[in-house]
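# Understanding the architecture of this molecule
Each chain, letter by letter, is given below.
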Amino acid sequence: MHEISLMSSILDTLRESAIQNGINNIKQIKLVVGKFSMALPDSLLFAFEALGREELFKGAVLEIEERDIKCICQDCQHPFSLDNYYNFVCPNCTGRKTEIVSGRELYIDYYEGD
Ligand SMILES: [Zn+2]
């Protein structure tokens, strides 16, 4: 489950940032996860529960916003969203030359604490 290693590096980033900002307890964390990052929100939540056990994360709420996969057709420049990543076909011209412009992202949007 690669969500474990993803979450592990997210928590490292948060720990580092919390130290720099003098934060002792994180209350809320918001992640943005592109559907093409292949990280499942449920697995990320599970990884968070398993890994974020110290005082810093006590009571913290993890919110995950999923972002659709957005593509642009190379043939007709038609932009479209994908809900199924096995079907990279342009709905406008049925072309198969598509470029993914977003959906791979996985980052901490913000976190709050004191
Ligand atoms: Zn097209």
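Just above sits the structure.
The rules we used
Each chain has its residues counted from 1, following the order in which its sequence is written. In view of the model being predicted, local features appear only for residues whose pLDDT reaches at least 70, and side-chain atom pairs are presented and counted only at 80 or more, with totals across whole chains, interfaces and linings using the full set of residues. Calculated side-chain values reflect all of the structure's heavy atoms, with hydrogen atoms and water omitted. Think of it this way: any DSSP run of H or I at least four residues long counts as a helix, any run of E at least two long counts as a strand, and we number them from the N terminus. Relative accessibility under 20% of the residue-type maximum defines a buried residue, over 50% an exposed one, and the middle range a partly exposed one, all with a 1.4 Å probe and only protein chains included. Residue contacts follow a heavy-atom distance rule, with two residues in contact if any of their heavy atoms lie within 4.5 Å. Metal donors: N, O and S atoms at distances within 2.8 Å, or within 3.2 Å for Na, K and Ca, with water omitted from the atom set so that some sites may seem incomplete.

### Regarding the environment of Asp75
With respect to the secondary-structure elements, Asp75 resides in the loop between strand S3 (69-73) and strand S4 (79-82). Here Asp75 falls in the partly exposed class, since its relative accessible area comes to 44%. In this structure, the C-alpha to C-alpha distance between Asp75 and Leu14, residues 61 residues apart in sequence, is 42 Å. Here Asp75 is in contact with Cys93, Gly95, Arg96 and Lys97, once residues within four sequence places are set aside.

### Focus: the environment of Ile23
Mapped onto the elements of the fold, Ile23 is located in the loop between helix H1 (2-20) and strand S1 (26-34). A residue is classified by how much of its surface remains accessible, and Ile23, at 18% relative accessible area, is buried. In this view, Ile23 contacts Ala18, Leu56, Tyr111, Gly113 and Asp114; residues no more than four positions away in its chain are not counted.

### Focus: the coordination of the zinc ion
Protein-derived ligands of the zinc ion are Cys73 (SG), Cys76 (SG), Cys90 (SG) and Cys93 (SG), with the metal-ligand distances lying across 2.3 to 2.4 Å. Read in sequence order, the donor residues coordinating the zinc ion give the pattern C-x2-C-x13-C-x2-C. In this pair, Cys73 sits in strand S3 while Cys93 sits in the loop between S4 and strand S5 (98-102), placing the two residues 20 residues apart along the sequence. By relative accessible area, Cys93 is classed as partly exposed at 32%.

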